[in-house]
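Take a look at the letters that make up each chain.
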Amino acid sequence: MELTSLVGSWVLIGSVAINSEVAFIGEDTDPNGVGNWLNGRAGELVGQIKTVNGLTLTIADNGAFTEVKTGKPSITWYDQEGVLESEVEPFNGTVVLKGEGAFLVAEAIPNWAQPTANDYGVALRYDDGDTIIAEWLECIDNRLVRTVNVVTDELYLDRIVMVYQKA
């Protein structure tokens, strides 16, 4: 993934969210369940988006990103402190390239929730010990696809896919 393909202003055109739980193997949770979820991509979910607007994501040449709410988008939203909110609360930060992926990492995360090195192969946006969030970016068919993968209590899973088009 190259940063240049992500640079520009992108307007939200749709979103979909799913939730699940880490699978059990016998009486124990799948030891790869959390990592597999955090590494999940939009895949077939892109075709299931419902029309949503009211959010603009702008990515600069240096990787800095800003979000601006331009309406009242009705989507599942985890704020920069990992809290599930009833309304979108935009945040700013940096696009981090790691391995084959590009990830959104928020600024102004409390020290106790700053992600540290992890074995998942992703750049985490948030990790307070109870909630872990990895936020993938990729370009699919000239659209920016943002996949927000959330793991709560190492058991409960949420995935939010947001699709943007170039402004």
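These figures come from a predicted structure and were not determined experimentally.

Quick notes on the overall build of the protein
Counting its regular elements, the protein contains one helix and 14 strands. In terms of C-alpha radius of gyration, the protein reaches 15 Å, essentially the compact-globule figure of 15 Å for 167 residues. Seen through its principal axes, the protein has C-alpha atoms that stretch 50 × 30 × 30 Å. Expressed as a percentage of the 167 residues in the protein, the buried residues total 47%. The long-range fraction of contacts in the protein, counting pairs at least 24 apart against all pairs at least 6 apart in sequence, stands at 57%. Taken as a whole, the protein presents about 8,300 Å² of accessible surface, with 46% of it coming from carbon and sulfur.

Thoughts on unusual backbone geometry
Its identity as a non-glycine residue notwithstanding, Asn142 has a phi of 65 degrees, on the positive side. Following the sequence through the fold, Asn142 ends up in the loop between β12 (131–140) and β13 (143–152). Within the chain, Glu154 stands out as a residue other than glycine whose phi angle is a positive 55 degrees.

Digging into the pattern of salt bridges
Counted under the stated rule, the structure contains six salt bridges. In this structure, the salt-bridge partner of Glu67 is Arg146, at a minimum N-O distance of 2.4 Å. Taken together, the residues span a long stretch of sequence, with Glu67 in strand β6 (residues 64–69) and Arg146 in strand β13 at a distance of 79 residues. A salt bridge links Glu87 to Lys69; its shortest N-O distance comes to 3.9 Å. In this pair, Glu87 sits in the loop between β8 (84–85) and β9 (93–98) while Lys69 sits in strand β6, placing the two residues 18 residues apart along the sequence.

Remarks on the nonpolar core
Formed by 30 residues in total, the largest nonpolar core has its most connected members in Leu6, Ile59, Val95, Leu137, Leu144, Met162 and Tyr164. Residue assignment for this core shows that the elements contributing at least two residues are β1 (8–21), β5 (55–59), β7 (77–78), β10 (101–106), β12, β13 and β14 (156–166). With sequence-adjacent residues up to four places away left out, Leu144 is seen in contact with Leu6, Trp10, Leu57, Ile59, Leu137, Glu138, Cys139, Met162, Val163 and Tyr164. The next biggest cluster of nonpolar side chains, apart from the first, holds 14 residues, and it includes Phe103, Val122, Leu124 and Val151.

With respect to the pairing of β9
When β6 meets β9, the two strands line up antiparallel, connected through two bridges. Considered in β9, the bridge of Ala64 is made with Thr94. Pairing between β9 and β10: six bridges, direction antiparallel. Residue pairing in the sheet places Gly93 in a bridge with Ala106 of β10. Where β9 hands over to β10, the hairpin turn is made up of two residues, of which Gly99 adopts a positive phi near 60 degrees.

Let's talk about the pairing of β1
Two elements, β1 and β5, share four bridges in a ladder whose sense is antiparallel. Across the sheet, the residue bridging to Gly8 is Ile59, located in β5. The sheet contact formed by β1 and β14 spans eleven bridges and is antiparallel. Bridged to Ile18 within β14 is Arg159. For β1 and strand β4 (residues 50–51), the ladder comprises two bridges, and the chain directions are antiparallel. Its bridge partner being in β4, Gly14 is matched across the sheet by Thr51.

As for the side chain of Asp127
Secondary-structure assignment places Asp127 in strand β11 (residues 124–127). Look at Asp127: it is buried, it has no salt bridge, and the nearest opposite charge is Lys98 at 11 Å. A distance of 3.1 Å separates the side chain of Asp127 from the backbone nitrogen of Gly129, its partner in a polar contact.

Parameters at a glance
- Residues numbered from 1 in each chain as written.
- Predicted model: local features only at pLDDT ≥ 70, side-chain atom pairs only at ≥ 80, totals over all residues.
- Heavy atoms only, no water.
- Helix = DSSP H or I, 4+ residues; strand = E, 2+ residues; numbered from the N terminus.
- Rg over C-alpha atoms; globule rule 2.2 N^0.38 Å.
- Buried < 20%, exposed > 50% of the residue type's maximum accessible area, 1.4 Å probe, protein only.
- Contact = heavy atoms within 4.5 Å.
- Areas by Shrake-Rupley, 256 points an atom, 1.4 Å probe, with all protein chains shown as cover.
- Salt bridge = Lys/Arg side-chain N within 4 Å of Asp/Glu carboxyl O.
- Core = buried A, V, L, I, M, F, W, Y, C linked by side-chain atoms within 4.5 Å.
- Pairing = 2+ DSSP bridges.
- Lys, Arg positive; Asp, Glu negative; His and termini not counted.
- Polar contact = N/O pair within 3.5 Å; in protein donor to acceptor, adjacent residues only side chain to side chain.

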